[in-house]
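Take a look at the letters that make up each chain.
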Amino acid sequence: MLTIGFVGLGNMGAPMSANLVKAGHRVRGFDLADPLLRAAAERGVETAGSVAAAADGADVFMTMLPNGAIVRDVLTGPGGALERLPAGALVIDSSSIDVATTRDMHAAAAAKGMQYLDAPVSGGVSGATAGTLTFMIGGSEAALERARPVLEVLGSKLVHLGGPGNGQAAKVCNQLVVAASTAALAEAFVLADRMGVQAAALYEVMSGASANCWALHNFNPWPGVVDGSAADNGYRPRFAARLMNKDLHLALDAAHGAGQELALTELVASLFARLAEAPRDLDTSAVIREVPGYAYLVPDSVTEA
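Thresholds, definitions, all that
- Residues numbered from 1 in each chain as written.
- Predicted model: local features only at pLDDT ≥ 70, side-chain atom pairs only at ≥ 80, totals over all residues.
- Heavy atoms only, no water.
- Core = buried A, V, L, I, M, F, W, Y, C linked by side-chain atoms within 4.5 Å.
- Buried < 20%, exposed > 50% of the residue type's maximum accessible area, 1.4 Å probe, protein only.
- Helix = DSSP H or I, 4+ residues; strand = E, 2+ residues; numbered from the N terminus.
- Contact = heavy atoms within 4.5 Å.
- Pairing = 2+ DSSP bridges.
- Axes fitted to C-alpha atoms, helices over the stretch in contact; angles between N-to-C directions.
- Disulfide = S-S within 2.5 Å.
- Right-handed = clockwise from strand over helix to strand, strands pointing away.
- Phe/Tyr/Trp six-rings, centres within 6.5 Å; stacked < 30°, edge-to-face > 60°.

> I'm lost on the nonpolar core in this one. Help?
Nonpolar side chains in soluble globular proteins tend to be buried together. Membership of the largest hydrophobic core comes to 39 residues, with the highest contact counts inside it found for Phe189, Trp222, Tyr235, Phe272 and Ile288. Every element with two or more residues in this core is listed here: helix 9 (166-194), helix 10 (199-207), helix 11 (214-218), helix 12 (241-258) and helix 13 (263-276). Of all the elements, helix 9 adds the most residues to this core, at 9 residues. When residues no more than four places from it in sequence are discounted, the contact partners of tryptophan 222 are Phe189, Val190, Asp193, Ala199, Ala231, Tyr235, Ile288, Tyr294 and Leu297. Counting residues in each nonpolar core, the second largest holds 29 residues, with Met62, Ala119, Ala128 and Ile137 among its members.

Right under this line is the structure:
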């Protein structure tokens, strides 16, 4: 049994920390939101009153946080984890953040005699709940081998991509494909509708044809096609458009740093930037709102059940 500090108990961190508890690990969790702490306690997580308390004496320290600035503050700010973790501890950041911050955190951990992995994930809330996430991992082989007993509880696929920051680099590449696929699906279902093709029939064709893709089944933008989709629930977020917007900007920032133009991603990012400014929090599949003539599918407000 390991003692694991876990900071960030939201949509992804909550089921991940719960699965670690189920696997027999002692998990001390912290989040700024009291309702999330209470929910975590109901799942067997020991709640901590601060980042420092979650980190104190932990063998492994995990983070699942919204952005690089917060990760930096949690690890190296006043009362940060790196000041409280014992020498030799392993830090695993599964947030989706920028490569530059990630490499800074690798160096900060190394300076304290600790191992560090950037290990962002794909698979969404359903994968986090089922323990079937894909981890994209940057860092040393030794750190990865040490992390396996933890990560194999949480995911079904661990891919080592090389040195510090390479996990985050792979994640932004993944996200730009998912975003472009979702936007293309929105236009495809709109065009089919204009030409009198039923959405369910188009879905059946695509599911067995070359257009088949992860987004077709998980981010389908048309209501009444995929059971349990966000489109069938008022486009309430399963993976929020604002998070996809963040990921696309991370991709564009990384491309700028690498001196690479990404013309298609620039266009897709402009769609999600507008979507992120909608009057309410929307799912990624709500990008269909940006297709001319089809904003009516995504109302500005929904009645809560």
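> Please explain the sheet that holds strand 7 (residues 121-122) as it appears in this structure.
Sheet strands associate in pairs through backbone hydrogen bonding, adopting either a parallel or an antiparallel arrangement. The strand order across the open sheet formed by 3 strands is 7-8-9, and the pairing between neighbours is mixed. Each edge of the open sheet is held by one strand with a lone partner, namely strand 7 and strand 9 (155-160). Bridge count between strand 7 and strand 8 (residues 133-137): 2 bridges; the pairing is antiparallel. The partner of valine 121 across the bridge, within strand 8, is phenylalanine 135. The sheet strands contacting helix 8 (residues 141-154) are strand 8 and strand 9, and the helix crosses strand 9 at an angle near 160°.

> Looking at this structure, how should I read the state of the cysteines?
Disulfide: a covalent bond connecting the sulfur atoms of a pair of cysteines. Using the criterion set out here, one finds 0 disulfides in the structure. For the unlinked cysteine cysteine 173, the closest cysteine sulfur is that of cysteine 213, found at 18 Å. We classify cysteine 213 as partly exposed; its relative accessible area is 23%.

> In this structure, what is going on with the pairing of strand 6 (residues 115-118)? I would like to understand it.
Each regular strand carries side chains that alternate between the two faces of the sheet. The pairing of strand 5 (residues 90-93) with strand 6 spans 4 bridges and is classified as parallel. By the bridge assignment for strand 6, aspartate 93 is matched with aspartate 118. One crossover worth recording links strand 5 to the parallel strand 6 by way of helix 6 (residues 99-111), and it is right-handed.

> What exactly am I supposed to notice about the pairing of strand 1 (residues 3-7) here?
The buried fraction of strand 1 is high, at 5 of 5 residues. Residue alternation in strand 1 divides its side chains into two sets, Thr3, Gly5 and Val7 and Ile4 and Phe6, and both sets are buried. Where strand 1 meets strand 2 (residues 26-30), 5 bridges bridge the pair, whose relative direction is parallel. By the bridge assignment, valine 7 is partnered in strand 2 with phenylalanine 30. As judged from the 4 bridges shared by strand 1 and strand 4 (residues 60-63), these two strands associate in the parallel manner. The residue bridging valine 7 from the neighbouring strand is threonine 63, located in strand 4.

> What is the right way to read the side chain of threonine 182 from this model?
With respect to the helices and strands, the residue threonine 182 is situated in helix 9. Of the residues examined, threonine 182 reaches a relative accessible area of 0% and is grouped as buried. Not counting residues up to four positions away in its chain, the partners in contact with threonine 182 are Ala215, Phe219, Thr284, Ser285 and Val287.

> Explain the packing of aromatic side chains here, please?
The geometry of an aromatic ring pair is captured by two quantities: the separation of the ring centres and the angle between the planes. Using the criterion set out here, one finds 4 aromatic pairs in the structure. Centroid distance tryptophan 222 to tyrosine 294: 6.0 Å. Interplanar angle 55°. Geometry classified as tilted. Residue tryptophan 222 is located in the loop between helix 11 and helix 12, and its partner tyrosine 294 is located in the segment after helix 13; the two are separated by 72 residues in the primary sequence. Summarising the aromatic geometry, the rings of tyrosine 294 and tyrosine 296 are spaced 5.8 Å apart at their centres and angled 40° between planes, so their arrangement reads as tilted. Relative accessible area serves as the criterion here: at 56%, tyrosine 296 is assigned to the exposed category.

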